[in-house]
Amino acid sequence: MYNAKAYSTASATSPLASDTIARRDPSEHDVQIEILFCGICHSDLHSVRNEWSSVMPTVYPIVPGHEMVGRVTKVGSAVTKYKPGDKAAVGCMVDSDGTCPQCKAGFEQFCPNLTLTYNSPDKHLGGVTYGGYSDSIVVDERFVLRVPDHLDLAGAAPLLCAGITTYSPIRHWGVAKGKKVGVVGLGGLGHMGVKFARAFGAHVVVFTTSPDKKEDALRLGADEVVVSRNTDEMQKQAGSFDFILDTVSAKHDINAYLNLLTRDGNITLVGAPENPLEVSAFSLIMGRRSLSGSNIGGIAETQEMLDFCGQHNITADVEVIPIQKVNEAYERLLKSDVKYRFVIDLASLKSE
């Protein structure tokens, strides 16, 4: 084992603060990475404050962070894909059983024995896994990803969660030229959904409750912007969408969007409202419409997404902060006061 610098918290009400954590020495299949940037995901905030206690109770101390990019510093003797100095990335997963039907099909994210990047049982050191608010991490080669050389590393960090979370359903539901696609909400997920849908050639419409987001939505690649509180604007879009990506985590009327779908259209939820959404059966059956959900993607699809981003020069719009401002960033995140993703510059950890 070796010691790594990190930021952690010991309780749901304590601020994140400087800490020292244990990391395992690389075994023959492991890659050690110096973390240069780590995105802040809303999941980090939920986990730190134990707001998902009924589903994923937090084990303290917790070191969050699952949007990491950095450089390889050491590799195990059996590692073939990476060498010291390579750019590398780690997302929401660091291990799976590799033998279940989900893993064999390339859907490691659905593995019943999945190891998440943080707050999962650590089969190497005991306790739980620690995430990317740290200066380094050691990960099995199978869960390390390659970052296209020309992408800005800070902007690439959120691709490891916000990017793949939006890319995967857009890819799955066949978004392409000639399709009309809606994106509900223009936040950390929504702004990536707009970029991807546009890059796939679709006609993109952003739905927002904030009229002042229109200019930014158009800048990001939207063809139209609809203020969802405007009944007339919504009615004009009825029955015309092939696919809608719903990124909203707050309570909202899902039927208003189901009614915008054409025959066989689909809405996929990637936002996770705390309370169940009420769905009218008639909103579905009167057009053979469907409502589905998606989280991240498997390792192969995540690498495909990163390569796609390299080809189309896609990164997240980010605000880079030193780690000393992480607690302030959490408070701003609650107010949606960021365009559109906070990213921690881990060089700032060296002064701790």
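Just above, that's the structure.
**Remarks on the overall build of the chain**
No. 1: Within the chain, the secondary structure is distributed over 11 helices and 16 strands.
No. 2: Relative to its length of 352 residues, the chain is compact, with a C-alpha radius of gyration of 20 Å against a globular reference of 20 Å.
No. 3: Along the first, second and third principal axes, the C-alpha atoms of the chain reach 60 × 40 × 40 Å.
No. 4: For the chain, the accessible surface area stands at approximately 15,500 Å², while carbon and sulfur atoms represent 51% of it.
No. 5: Taking the average place of the 34 positive charges on the side chains of the chain and the average place of its 41 negative ones, the gap between the two points comes to 4 Å.

**A few points about the pattern of salt bridges**
Oppositely charged side chains can pair when the atoms bearing their charge come close.
No. 1: In this structure the tally under the stated criterion is 17 salt bridges.
No. 2: Between Arg24 and Asp30 there is a salt bridge whose closest N-O contact spans 3.0 Å. Asp30 carries the same exposure label as Arg24, and that label is buried.
No. 3: Of the charged contacts in the structure, one is a salt bridge between Arg263 and Asp264, with a shortest N-O distance of 3.0 Å.
No. 4: Among the residues examined, Asp264 registers a relative accessible area of 35% and is labelled partly exposed.
No. 5: Salt bridges linked by common partners bring Lys195, Asp216, Arg219, Asp317 and Lys339 together as one network.

**Remarks on the environment of Gly106**
No. 1: With respect to the helices, strands and loops of the structure, Gly106 is situated in the loop between helix H2 (101-104) and strand E7 (115-116).
No. 2: Linking Gly106 and Gly298, residues 192 residues apart in sequence, is a C-alpha distance of 5.7 Å.
No. 3: Apart from residues lying up to four places away in sequence, Gly106 is in contact with Gly298 and Ile299.

**Quick notes on the environment of Ala250**
No. 1: Mapped onto the elements, Ala250 comes out in the loop between strand E12 (241-246) and helix H8 (254-258).
No. 2: The spacing of Ala250 and Val326 is 76 residues in sequence and 23 Å in space, taken between C-alpha atoms.

**Notes on the nonpolar core**
No. 1: Of all hydrophobic cores here, the largest spans 89 residues; its most connected members are Ile40, Val69, Tyr133, Leu159 and Phe196.
No. 2: For Val69, the contacting residues outside a window of four places in its chain are Glu34, Ile35, Leu36, Phe37, Ala88, Ala89, Val147, Leu153, Ala156, Ala157 and Leu160.
No. 3: Residues Val184, Met234, Ile244 and Leu261 belong to the second largest nonpolar core, which totals 13 residues.

**Brief notes about the pairing of strand E3 (residues 30-39)**
No. 1: Counting buried positions along E3 gives 8 out of 10 residues, so the element sits mostly inside the fold.
No. 2: Direction of pairing for E3 relative to strand E8 (residues 136-140): antiparallel, over a ladder of 5 bridges. Residue pairing in the sheet places Glu34 in a bridge with Ser136 of E8.
No. 3: Here E3 runs beside strand E4 (residues 68-75); their pairing, made up of 7 bridges, is antiparallel.

**Focus: the sheet that holds strand E10 (residues 203-208)**
No. 1: Judged by pairing direction, the sheet is parallel, and its 6 strands sit side by side in the order E11-E10-E9-E12-E13-E14 without closing on themselves. Of all the strands in the sheet, the pair left with one neighbour each is strand E11 (224-227) and strand E14 (290-293). Strand-to-strand, the axes of this sheet are offset by a mean angle of 20°, without reference to chain direction.
No. 2: In the sheet, strand E13 (residues 261-269) pairs with E14 via 4 bridges, with the strands oriented parallel. Across the sheet, the residue bridging to Leu269 is Gly293, located in E14.
No. 3: Here helix H4 (residues 162-172) sits on the sheet and contacts E12 and E13; the angle it forms with E12, its principal contact strand, is near 160°.

**A short note on the packing of aromatic side chains**
No. 1: Counted under the stated rule, the structure contains 8 aromatic pairs.
No. 2: Where Phe207 meets Phe241, the ring centres are 5.5 Å apart and the plane angle is 55°; that geometry is what we call tilted. Of this pair, Phe207 sits in strand E10 while Phe241 sits in strand E12, placing them 34 residues apart in sequence. The burial state of Phe207 is the same as that of Phe241; both residues are buried.
No. 3: When the ring centre of Phe241 is taken as reference, the NZ or CZ atom of Lys180 above it lies at 4.6 Å.

Reading the values: the criteria
Residues numbered from 1 in each chain as written. Predicted model: local features only at pLDDT ≥ 70, side-chain atom pairs only at ≥ 80, totals over all residues. Heavy atoms only, no water. Helix = DSSP H or I, 4+ residues; strand = E, 2+ residues; numbered from the N terminus. Rg over C-alpha atoms; globule rule 2.2 N^0.38 Å. Areas by Shrake-Rupley, 256 points an atom, 1.4 Å probe, with all protein chains shown as cover. Lys, Arg positive; Asp, Glu negative; His and termini not counted. Charge placed at Lys NZ, Arg CZ, Asp CG, Glu CD. Salt bridge = Lys/Arg side-chain N within 4 Å of Asp/Glu carboxyl O. Buried < 20%, exposed > 50% of the residue type's maximum accessible area, 1.4 Å probe, protein only. Contact = heavy atoms within 4.5 Å. Core = buried A, V, L, I, M, F, W, Y, C linked by side-chain atoms within 4.5 Å. Pairing = 2+ DSSP bridges. Axes fitted to C-alpha atoms, helices over the stretch in contact; angles between N-to-C directions. Phe/Tyr/Trp six-rings, centres within 6.5 Å; stacked < 30°, edge-to-face > 60°. Lys NZ or Arg CZ within 6 Å of the ring centre and 35° of its normal.

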